[in-house]
Amino acid sequence: MMRSKPDEDDYWNSSKCRAFTFDDDYDELSSLKESKRAVNSIRQFVVDEDEDEDDMVKVSWSGEPIGSITWSIKETASSTKQEQSFPKIDSGPSLPRQGSGYSLSSLFKAFSEPSTRNFAPELRKPKSEYKDYVSDWSPEETVKRMQRGKFCSLETFRSLKDKMQLLDQAVCANDGNVITAVCTHVFLQKYFLQCKLEVLSRELMSRDVALRHYIHYLKEMGEQKLLVELFKSLGRTEDMALLQYREHLSIKDEVRRKEYLKSCISLPFPPDDAGHVQDHYTLLERQIIIEANDKHLENKGQVEVFKKHPRKASILNMPIITTLYYSCLQFPFKLSLTLPSTISEKQYLLTALSARAKLKEWLDVGSLFTTKNWLGYTKKRSPIGFHRVVDILHKNNAPAQVLQEYVCLVEDPNLKISLAQKYKCHDIVIDMYKDQKDRQQLIVYQGKVERGSPEDKKIQDILNNTQIRWKN
Amino acid sequence: MAAHLSYGRVNLNILREAARKDLREFLDKCAGSKAIVWDEYLTGPFGLIAQYSLLKEHEVEKMFTLKGGRLPAAEVKNIIFFVRPRLELMDIIAENVISEDKMRSPRDFHILFVPRRSLLCEQRLKERGVLGSFINVDEYILDLIPYDGDLLSMESEGAFRECYLENDQTSLYHTAKGLMTLQALYGTIPQIFGKGECARHVANMMLRMKREFAGCQTQVLPVFDTLLLLDRNVDLLTPLATQLTYEGLIDEIYGINNGYVKLPPEKFAQKKQGEGEKDLPTEPKKLQLNSAEELYAEIRDKNFNAVGAALSKKAKIISAAFEERHNAKTVGEIKQFVSQLPHMQAARTSLANHTSIAELIKDITSRQKIPPPLHPGLYLTLLHFSIIVVLCCISCVPPYVSASEAFFDNLTVEQEFMTGVDTDKVNTYIEDCIAQKDPLIKILRLVCMQSVCNNGLKQKVLDYYKREILQTYGYEHILTLNNLEKTGLLKLQTSTRNNYPTIRKTLKLWMEDANEQNPNDISYVYSGYAPLSVRLTQLLARPGWRSIEEVLKMLPGPHFEERQQLPAGLHKKRQQGENRTTLVFFLGGVTYAEIAALRFLSQMEDGGTEYVIATTKLINGTTWIKSLMDRLEEPPF
C-alpha cells in the first residue's frame, strides 16, 4: 500500500507512517519557551508569597507528600522523642466517625457467621475437641468453610477418592487460595512419599486447574526437586529441562556452575534451545580458562594492555559478545580459536571494530575490512555500512585522515556529504560539490570554512576554474 | 482530600469511603495504642485510601517497614502487621514475633492481610509456631482501589504473568470478588459482555457468586448499564507500542507509581530574586498526578504534540489574570483579586511543573537538528544495561545516537510494524539496537511487536533474533524468551496466513490522518494507531459486535454476552439523551494511552456512552515485559 514508489525520499515525504515529529512551521519548542517565560514573569510578581507554594499537596523536600503513609513511616520510625511528637490518645472509645454508611465487609456479613469471621479460634482449640468438630463435614462444606478463611483439618479425607472429591470441590469454587491450600496442605507432600507418582499425576492430569495452581505454588516455594519429578511424570519434559537449567543461576562457584551446565546439555530441551545451552557451557568453560590466564598475566604486570586498560571486572558469566570484545582488546586475530563460531559476521565486525578503535589501532581497523579479490587487488568491504563505521571511529577520537578514509567509502552520496560535513572532511565535501557541479552549495560551504585556510583556497580555485560547467 | 473521585460519572468516592470505614473498624478492634508494621509494597496503594492522619486518629503512634530481626521498641499496646499474603513475608513476621523481648510488657499482635487472607500463609505461621500469638487474623478486602474519578486498579503486579504464564487464576477470583463489591455499592450491572478466556472465567464466577448470594440483593439503583470484560491477550499489540499521550509518555519515560512520578530535579530548581546560585536539589522531585489538578486533567490525555500549545495558552490566561491587578481600583475589586490569589498561585505552580515536565519529555521525543547532549537515557533504569557497561573499562560500543534520535527511530519502526511493512524479515533497526546493546527490554518490545503484527515470525527470523539476543545479553535469557513464547507474545508462524492485516483493516487500527491537535478518532493516542482493545469497546457500543463477528473469531478466546436480572423496581428509566455508563475491565493490565482513548470516547458529543475503567494493573510495555522476565539473580557485581 505504501511502497508503491521506489524512491526512498518519496516514501518518507509522502509516507503514511508519519513518525512522531514536530511540525517545522509551528515550533513547539518556542511555545514551551513562551509558557516558561510567562511562568517566570509571574513568579517575579508573586515572589513574596512563594513560601507557601505547594498548596495542593504538601511535599517534604525529600519528595514524599507530607502526611502520606511512606512519609509517616520514616517520620515515626526516625523520631527519637516519640512521646512528644505524637500525643497519646486516650484508649477510650474513639470519636464517632462520619462517612458513608457502607462498609465493604458488612456488605457480605450476611453470608458468613459474624462472630467467627475475624478469628482463627479453631487453631487454638484442644486437639480432642478439634476432631469431633470437623469430622463429618462434606467436601462441599469443607471448601465453603475454607473460603470463609476458616481453618479446617483435612485429615479426614484419607482415601484417594475422598481427596479427589475435595479437590474437585475446591476447583469448582474457583478460589485459588483454597485450591492451592487443598493441593498442598493435604495431599501432595505426604502423598508423594507414600504413593506412586504415576497414580497421582494421572489423577492430576485430568484436573488441569488444580495442577496449574499446584505447579505455580511449587515454583514460588522453590520446591525444585518435587517439581522436576512432577514434570517428568506428567511427560512435560521441556518444562522440566528449562527448570533444571534455571538452577544454574543459583550456583555461585564458576567451576561447579560449569559442571552443572554440562549436565544440562543432555536434557530434553526444545530443539533450538539445546544448541544454546551447549554454547552456554562452552562459553563458560572458555571464560574460566581466559580468566585464570589473564589474572595471572595481570598480576605479573607485564602485559601492555592491562596496564593501559586495567581489568575492572571478571569476564566470567558475561555474554559472549562482551567476551569477544574483551578478547579483541588483546588478541585480535586468535579469536576463532577461543570462541564458538555462531556469531554473525556483523556482530563480529562491530565488536572487533569497537575494541580495536578503542585501542587506537587504526591499522587493525583497516585490516578488518580489507578483502582481496582474485586479481590480488585489495578492496574495503563492510557488512554494516561504512557510515556506522565512521560513527564508531569518531566516538573513539580517530584522527581526521582515518575518518576521511572511511567517509569516502560511504556509498549513498547524501549520507556521505552530510557525514563529511559533520566530521569536517572538507576535501570530500568540496570534491563532491565539484563533481555535482553545484556552484551554489560550494559558495555556501566556503562561508563555513576558515578564511585563508587551504580549504578556502581550494574552493576559490575551483570557483575560479572556467573549465567547469556549473549547473547553477 | 479525594474530591476528584466524586466528579466523575460514577462517584467512586463511595468506594473509597467504604474502604476507609473498614479500616477504621479494624483499627478500633485493636483497642489501645498501636504500631503498624508495613509490607512496603502496600504503602503506595494504601496512600490512596487513607493518609497518616486517619491512622493517627485511631491511635496509631508508630509505623515501621517490615524487616527481619527484632521489632523496634515502641511503647504501644498493639503491633499490627499490614501484609500481602506472601509466604516469604510470613517468615519475616515469625522472626519478629519470636525475637520479641519477653522481659518487656507484652504487646498484642495482629495481622491484617491485604487483599485477602490466605490459608497457606496461616499454615506457614502455624508451622513457625507463632499463629497462636496473634489476637486477630483478619483480611482487608482492597480489591479495587480508586485511582481517579473514572479509574480503578487492583495494582496486582503479577496478574498477567499469573493468568497467562503460570495459569494460576487466583487474581481472577479476586477480580470477580471486586466486581461483586462494586455491584453491592453501585447496583447490579444488567449486561455483561466479554472477550477472552479469562473474561469468560470471571463472568462465570460472578454469575455463580450472584446465585449463591441470592436473596441478599442490594436495593441499589444500578449505576452501570454494561460491564465489558477484556482479556489482555486479546490485544497484545497495544501495550508494546510507545504511548504518545502526555500521561503515557510520563509513564513510559519516568514511570508513574500509585499516582506519583519521580522526576530529575534540575528543571524544577527555583531561583529566588536576590539570591545567588542555590545548590541544585539532588533528590528526585516527586509529584502527584491526578485530576484534582485542573491543568493536568486538561492535558494528560492529549497527544504530546498538542501539549505545548495547551500550556502556552494556559500561560497567557494566567498572565492575564495576574495582570488584572492593575485594573483593580476599588477596594472591592482589590479584595476580589486577593481572594482569587490562592487559586491563581496553585495554577501557576501547576503550570510551572508541567512546563518543566514537558521540556524534559521534549528533550527525548523531539528530533532536533543539533543533537542535544546525551540524555541520561530513556531506559536507564532497566535491567542488564549496567551489567554490560561495568565490564572492560567502558561500554563496548558506546551508544552513538542521541536519545531523541533513538526515540524517533524506534517510533518509526513501531509504526512500520503496525502498518504491516516488512514484518516478515529481520529488521535492521532491531539488529543495530542489539549490536549497540540497547536495553534488552526495548529489544524484546520490538521483537514481540513484530511477531504480533506478523501473526508469528518465520523460523529463520525467530532463530536469528533469539541467537542475537542470547549472544549479546547472555544465554540465561533462554528462560525469558520461553516465557514470551508461552504467553504468545513471541511465536513461530504456524500457518502461512497472517490475519493481522485483516484485523487491522476491519477494525481500522491504522488511521492515515490522525489529528493530534484536534482529534476526531482514538488513533491520536498513538499518532495513527488506534488501540485494538478500545476499538472493540467502541464497536460494542455502536453498532455492536455482530458487525465484526469474523474478526472476533480471529482473536483468541470466546466472546459472549450475559444478562443479570434486576430486582423489580430497580430498572433504570433512561432520560432522553442520557448517556449509558459502561465499566470496561482490562484483565491483565491497561495502559494510560488506552485510558486516554476511552476518555476521548466518553467526551465525544454524540458518543452516547461514558466509560469507567478498571484493571488488574496499570502497565506500560516496559513494566509488562519486565513482569514476564524470569527473575534473574543479582549480577555478581
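Residues numbered from 1 in each chain as written. Chains lettered and ligands numbered in written order. Predicted model: local features only at pLDDT ≥ 70, side-chain atom pairs only at ≥ 80, totals over all residues. Heavy atoms only, no water.

A. Molecular detail of the packing of aromatic side chains. Overall, the coordinates contain 23 aromatic pairs over all chains when judged by the stated rule. Here F369 of chain A and F386 of chain A contribute two aromatic rings whose centre-to-centre distance is 5.5 Å and whose plane-to-plane angle is 55°, an arrangement assigned as tilted. With F369 of chain A in helix 20 (residues 362-369) and F386 of chain A in helix 21 (residues 386-395), the pair connects residues that are 17 residues apart, well separated along the chain. Take F369 of chain A: its relative accessible area is 1%, and that puts it in the buried class. Summarising the aromatic geometry, the rings of F386 of chain A and Y406 of chain A are spaced 6.3 Å apart at their centres and angled 35° between planes, so their arrangement reads as tilted. In this pair, F386 of chain A sits in helix 21 while Y406 of chain A sits in helix 22 (residues 400-408), placing the two residues 20 residues apart along the sequence. Here Y406 of chain A falls in the buried class, since its relative accessible area comes to 2%. Grouping aromatic residues by their ring pairs yields a cluster made of F26, W38, F46, F82 and Y140 of chain B. Stacked on the ring of F560 of chain B, the Lys or Arg R200 of chain B has its end atom at 4.1 Å from the ring centre. The ring of Y260 of chain B has K286 of chain B sitting right over it, with the charged end atom 4.9 Å from the ring centre. (Phe/Tyr/Trp six-rings, centres within 6.5 Å; stacked < 30°, edge-to-face > 60°. Helix = DSSP H or I, 4+ residues; strand = E, 2+ residues; numbered from the N terminus. Buried < 20%, exposed > 50% of the residue type's maximum accessible area, 1.4 Å probe, protein only. Lys NZ or Arg CZ within 6 Å of the ring centre and 35° of its normal.)

B. Structural view of the sheet that holds strand 10 (residues 256-257) of chain B. Pairing within the open sheet is antiparallel, and its three strands lie in the order 10-11-12 (chain B). The open sheet terminates on both sides in strands that have one partner only, identified here as strand 10 and strand 12 (285-288) of chain B. (Pairing = 2+ DSSP bridges.)

C. Seen up close, the packing of helix 7 (residues 170-186) of chain B against helix 8 (residues 197-212) of chain B. All names here are of chain B. Contact geometry of helix 7 with helix 8 gives a least axis separation of 9 Å together with a crossing angle of 50°. In this view, helix 7 runs oblique relative to helix 8, as classed from their interaxial angle. Considering how the two elements wind past one another, helix 7 and helix 8 form a crossing that is right-handed. Contacts from L172, Y173, T175, A176, K177, L179, M180 and Q183 of helix 7 reach helix 8 at C198, H201, V202, M205, M206, M209 and K210. (Axes fitted to C-alpha atoms, helices over the stretch in contact; angles between N-to-C directions. Parallel < 35°, antiparallel > 145°, perpendicular 65-115°, else oblique. Left-handed = near helix turned anticlockwise from the far one by under 90°. Contact = heavy atoms within 4.5 Å.)

D. The arrangement of the side chain of R107 of chain B in detail. Residue and element names in this part refer to chain B. As for its position among the elements, R107 is in the loop between helix 4 (87-98) and strand 4 (108-113). A polar contact of 3.1 Å, which involves the side chain of R107, links it to the backbone oxygen of A74. Excluding residues that lie within four positions of it along the chain, R107 makes contacts with L71, P72, A73, A74, V76, K77, I79 and E100. (Polar contact = N/O pair within 3.5 Å; in protein donor to acceptor, adjacent residues only side chain to side chain.)

E. Representation of a nonpolar patch on the surface. All names here are of chain A. A surface patch of nonpolar side chains, amounting to about 480 Å² of accessible area, comprises W374, L375 and Y377. Structurally, W374 is set in the loop between strand 1 (370-372) and strand 2 (378-380). Looking at W374, the relative accessible area reads 78%, which means it is exposed. (Patch = residues over 30% accessible without salt bridge, like charges linked within 9 Å, V, L, I, M, F, W, Y side chains within 5 Å. Areas by Shrake-Rupley, 256 points an atom, 1.4 Å probe, with all protein chains shown as cover. Salt bridge = Lys/Arg side-chain N within 4 Å of Asp/Glu carboxyl O.)

F. Highlighting the confidence of the model for chain B. All names here are of chain B. Per-chain confidence: chain B averages 87 in pLDDT, with 90% of residues scoring 70 or above. Within the model, pLDDT remains below 50 along residues 633-637, and this stretch shows nine contacts once partners closer than five positions in the same chain are excluded. Predicted as a complex, the structure gets a pTM of 0.82 and an ipTM equal to 0.83. (pLDDT = per-residue confidence, 0-100.)

G. Molecular detail of the sheet that holds strand 13 (residues 559-563) of chain B. All names here are of chain B. Overall, mixed pairing links the seven strands, which are arranged 6-7-15-14-9-8-13 in an open sheet. The sheet terminates laterally at strand 6 (145-148) and strand 13, the two strands that pair on one side only. Pairs of neighbouring strands in the sheet enclose a mean axial angle of 20°, with direction left out of account. Contacts from helix 21 (residues 532-541) reach strand 8 (191-195), strand 9 (226-231), strand 14 (580-587) and strand 15 (609-615) within the one sheet, and its direction differs from that of strand 9 by about 150°.

H. Region of interest: the nonpolar core. The biggest cluster of nonpolar side chains holds 241 residues, and the ones touching the most others in it are L393 of chain A together with L27, L55, F82, L229 and L536 of chain B. Among the elements that make up this core, the one with the highest residue count is helix 17 (residues 440-453) of chain B (10 residues). If near-sequence neighbours (up to four positions away) are discounted, L229 of chain B is found in contact with L179, I192, F193, G194, K195, A199, V202, A203, F585 and L587 of chain B. One finds A210 of chain A together with F81, I111 and V130 of chain B within the second-largest nonpolar core, a separate group that totals 57 residues. (Core = buried A, V, L, I, M, F, W, Y, C linked by side-chain atoms within 4.5 Å.)

I. View of empty space enclosed by the protein. Residues and elements named next belong to chain B. Tallying each qualifying case throughout the model produces 15 cavities of 30 Å³ or more. Approximately 110 Å³ is the volume found for the largest cavity. In this structure, the largest cavity is lined by Y147, D148, L151, E247, I256, G259, L289, N290, R300, Y592, R599 and L618. Elements with a minimum of two residues in the lining of the largest cavity: strand 6 and helix 23 (592-603). Per-class residue counts for the lining of the largest cavity are six nonpolar, two polar and four charged. (1 Å grid on protein atoms, 1.4 Å probe; cavity = no way out; pocket = protein on both sides within 12 Å on 5 of 7 lines; lining within 4 Å. Points joined across faces, edges and corners; volume = space filled by probe spheres on them. Nonpolar A, V, L, I, M, F, W, Y, C, P; charged D, E, K, R; others polar.)

J. Quick look at the confidence of the model for chain A. Residue and element names in this part refer to chain A. Of the residues in chain A, 66% have a pLDDT of 70 or more, and the chain-wide mean is 72. The spread of mean pLDDT over the elements of chain A runs between helix 4 (residues 82-85), the lowest at 36, and helix 14 (residues 254-264), the highest at 95. Counted against residues more than four places away or in other chains, residues 43-63, with its pLDDT under 50, gives 38 contacts. Under a pLDDT of 50 for its full length, residues 333-337 has, in the predicted model, seven contacts with residues more than four places off or in other chains.

K. Molecular detail of the environment of A2 of chain B. Residue and element names in this part refer to chain B. Assignment of secondary structure puts A2 in the segment before helix 1 (13-29). For A2, a relative accessible area of 8% gives the class buried. For A2 and N13, which are 11 residues apart along the polypeptide, the C-alpha to C-alpha distance reads 7.2 Å. Other than its neighbours up to four places away in sequence, A2 contacts N13 and R16.

L. Seen up close, the pattern of salt bridges. Counting across every chain of the model gives 49 salt bridges over all chains. Across the pair R86 of chain B and E220 of chain A runs a salt bridge whose closest N-O atoms are separated by 3.7 Å. Taken together, the positions of R86 of chain B in the loop between strand 3 (78-83) and helix 4 and E220 of chain A in helix 11 (residues 208-221) put the pair across two chains. The exposure class assigned to R86 of chain B is partly exposed, which follows from its relative accessible area of 29%. The partly exposed category is assigned to E220 of chain A, whose relative accessible area is 41%. D239 of chain A is the partner of K486 of chain B in a salt bridge, and the nearest nitrogen-oxygen pair spans 3.2 Å. With K486 of chain B in helix 19 (residues 478-486) and D239 of chain A in helix 13 (residues 237-246), this residue pair bridges two chains. Judged by its relative accessible area of 44%, K486 of chain B is partly exposed. Exposure remark for D239 of chain A: the relative accessible area of 18% places this residue in the buried category. Bridged by salt links that share partners, the residues D148, D150, E247, R300, D301 and R599 of chain B form one connected network.

M. Structural detail: the pairing of strand 6 of chain B. All names here are of chain B. Looking at chain direction, strand 6 and strand 7 (residues 151-153) are connected through three bridges and run antiparallel. Residue pairing for strand 7: I145 is matched across the bridge by S153. In textbook terms, the turn of a hairpin is the stretch between consecutive antiparallel strands, and for strand 6 and strand 7 this stretch comprises two residues.

N. Representation of unusual backbone geometry within the structure. Cis geometry is found at the peptide bond from V114 of chain B to P115 of chain B, where omega equals 0°. Within the secondary structure, P115 of chain B sits in the loop between strand 4 and helix 5 (119-127). For the bond running from R542 of chain B to P543 of chain B, omega is 5°, close enough to zero to count as cis. Along the polypeptide, P543 of chain B turns up in the loop between helix 21 and helix 22 (549-554). One non-glycine residue, K437 of chain A, lies in the positive phi region at around 55°. For K437 of chain A, the position within the fold is in the loop between helix 24 (426-435) and helix 25 (439-446). For K437 of chain A, a relative accessible area of 35% translates into the label partly exposed. In this model, S527 of chain B sits at a positive phi of 45°, which is unusual for a non-glycine residue. Relative to the helices and strands, S527 of chain B is located in the loop between helix 20 (500-506) and helix 21.

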